[in-house]
Amino acid sequence: MNLTLKVWRQKNARSTGKMETYEVKGISPDSSFLEMMDELNNDLIEKGEDPVAFDHDCREGICGSCSMHINGEAHGPDRLVTTCQLHMRKFNDGDTIYIEPWRAKPFPVIKDLVVDRTAFDRIIQSGGFVSVNTSGNTTDANAIPIEKENADKAFDAATCIGCGACVAACKNASAMLFVSAKVSQLALLPQGQVEREERVLNMVDQMDDEGFGNCSNTGACEVQCPKGISLDNIARMNREYAAAMAAKGEK
Ligand code: SF4
Ligand code: FES
């Protein structure tokens, strides 16, 4: 396949970026999108030009780092896949493909297609964990019986890979799908009960402090999420938040 690529190039966070045009030739339809990007970078390096910076790690759809907008869609035209799992057979020979970084104020561009997603780390640090007493009498987690329905829902929520596609897809740059997946994962399990109220209050506060917007129920996040995280989690987080606020008022 021969393709025309329009790629966002930006030297650093302070510089102004712009689209640059590149031609790539002889791309196999069986290669992944990132392998195609590797081919582009090989060409650029051979010509002595700066390769395009993009994030990637596992290339197996699990680390969540391969964030990019492809033809205006987070992770491109395929559903339920990350960019590393997207294949060139989804495009046609001769296509022009637009490749841009996530666009959201809390995700500033570091270089080219790489954005700073440490806002997500700070939200997790504010409450997305379970404190365990490791003083010697810790029971195995799997010794605690968990209702099948809750175990399934917690597992589904836990499949969120923190990629940020939900934020990028949202007109409000809302992080509520991500945060609600993390809140739900722990609120549904017995291990998450001790810090349940504190967790949701702290994580929502941190989300707001980072500058993410509110949910206005357009559902773009769910459509673009590579792991199929459901909007039900946002409803659950809102209930958790309201209950925690009410409990706080009573104390
Ligand atoms: S909810 Fe989906 S889109 Fe958002 S960070 Fe998690 S996996 Fe990515
Ligand atoms: S590189 Fe890890 S999810 Fe794509």
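Right, let's walk through the structure included here. (Residues numbered from 1 in each chain as written. Chains lettered and ligands numbered in written order. Predicted model: local features only at pLDDT ≥ 70, side-chain atom pairs only at ≥ 80, totals over all residues. Heavy atoms only, no water.)

## Some details on the overall build of the protein
Alright, step 1. For the protein, the count of helices and strands is eight helices and seven strands.
Alright, step 2. Each principal axis of the C-alpha atoms in the protein carries an extent, and together these give about 65 × 35 × 35 Å.
Alright, step 3. Within the span of the protein, comprising 251 residues, buried residues form 45% of the whole.
Alright, step 4. A separation threshold of at least 6 residues defines the contact pool for the protein, and within that pool the share at least 24 residues apart is 70%. (Helix = DSSP H or I, 4+ residues; strand = E, 2+ residues; numbered from the N terminus. Buried < 20%, exposed > 50% of the residue type's maximum accessible area, 1.4 Å probe, protein only. Contact = heavy atoms within 4.5 Å.)

## Thoughts on the sheet that holds strand E4 (residues 73-74)
Alright, step 1. Pairing within the open sheet is mixed, and its five strands lie in the order E2-E1-E5-E3-E4. The sheet is open, and its two borders are formed by strand E2 (18-24) and E4, each paired with just one other strand. (Pairing = 2+ DSSP bridges.)

## Details of helix H2 (residues 118-125)
Alright, step 1. Where H2 is concerned, the buried positions are Ala-119, Phe-120 and Ile-123. The buried residues of H2 occupy an angular sector of 100° when projected down its axis, which confines them to one face.
Alright, step 2. Residues of H2 that are buried make contact with helix H4 (165-169), helix H5 (176-187) and helix H6 (196-209). (Arc of directions from axis to C-beta.)

## Remarks on the packing of H6 against helix H8 (residues 232-250)
Alright, step 1. In the contact formed by H6 and H8, the axes pass within 9 Å of each other and the chain directions differ by 110°. Relative to H8, H6 is oriented roughly perpendicular. Our pair here, H6 against H8, has a crossing hand that is left-handed. Contact residues: H6 offers Arg-196, Glu-197, Val-200, Leu-201, Val-204 and Asp-205, while H8 offers Met-237, Glu-240, Tyr-241, Ala-244, Met-245, Ala-247 and Lys-248.
Alright, step 2. Taken together, the residues of the contact of H6 with H8 break down into eight nonpolar, no polar and five charged. (Axes fitted to C-alpha atoms, helices over the stretch in contact; angles between N-to-C directions. Parallel < 35°, antiparallel > 145°, perpendicular 65-115°, else oblique. Left-handed = near helix turned anticlockwise from the far one by under 90°. Nonpolar A, V, L, I, M, F, W, Y, C, P; charged D, E, K, R; others polar.)

## Focus on the pairing of strand E5 (residues 96-100)
Alright, step 1. Where burial is concerned, the two faces of E5 differ: the one with Ile-97 and Ile-99 is buried and the one with Thr-96, Tyr-98 and Glu-100 is not.
Alright, step 2. Strand direction decides the pairing type here: strand E1 (residues 3-9) and E5, joined by four bridges, are parallel. Looking across to E5, one finds that Thr-4 is bridged to Thr-96.
Alright, step 3. Where strand E3 (residues 69-70) and E5 come together, two bridges link them in antiparallel fashion.

## Side note on H6
Alright, step 1. Compared with the 20 Å implied by 1.5 Å per residue over 14 residues, the 20 Å span of H6 between its first and last C-alpha is a close match.
Alright, step 2. Within the sequence span of H6, burial applies to Arg-199, Val-200, Leu-201, Met-203, Val-204, Gln-206 and Met-207.
Alright, step 3. At its buried positions, H6 is contacted by H2, H5 and H8. (Expected span 1.5 Å × (residues − 1).)

## Thoughts on the site of ligand 1
Alright, step 1. Neighbouring residues of ligand 1: 13 residues in total, closest Cys-160, Cys-163, Gly-164, Cys-166 and Cys-225.
Alright, step 2. For the shell around ligand 1, the per-class residue count stands at eleven nonpolar, two polar and no charged. (Near = heavy atom within 4 Å.)

## Quick look at a negative patch on the surface
Alright, step 1. Together, Glu-35, Glu-39, Asp-43 and Glu-46 line one region of the surface with negative charge.
Alright, step 2. When you line up the elements, Glu-39 lands in helix H1 (residues 33-46).
Alright, step 3. For Glu-39, a relative accessible area of 40% corresponds to the partly exposed category. (Patch = residues over 30% accessible without salt bridge, like charges linked within 9 Å, V, L, I, M, F, W, Y side chains within 5 Å. Areas by Shrake-Rupley, 256 points an atom, 1.4 Å probe, with all protein chains shown as cover. Salt bridge = Lys/Arg side-chain N within 4 Å of Asp/Glu carboxyl O. Lys, Arg positive; Asp, Glu negative; His and termini not counted. Charge placed at Lys NZ, Arg CZ, Asp CG, Glu CD.)

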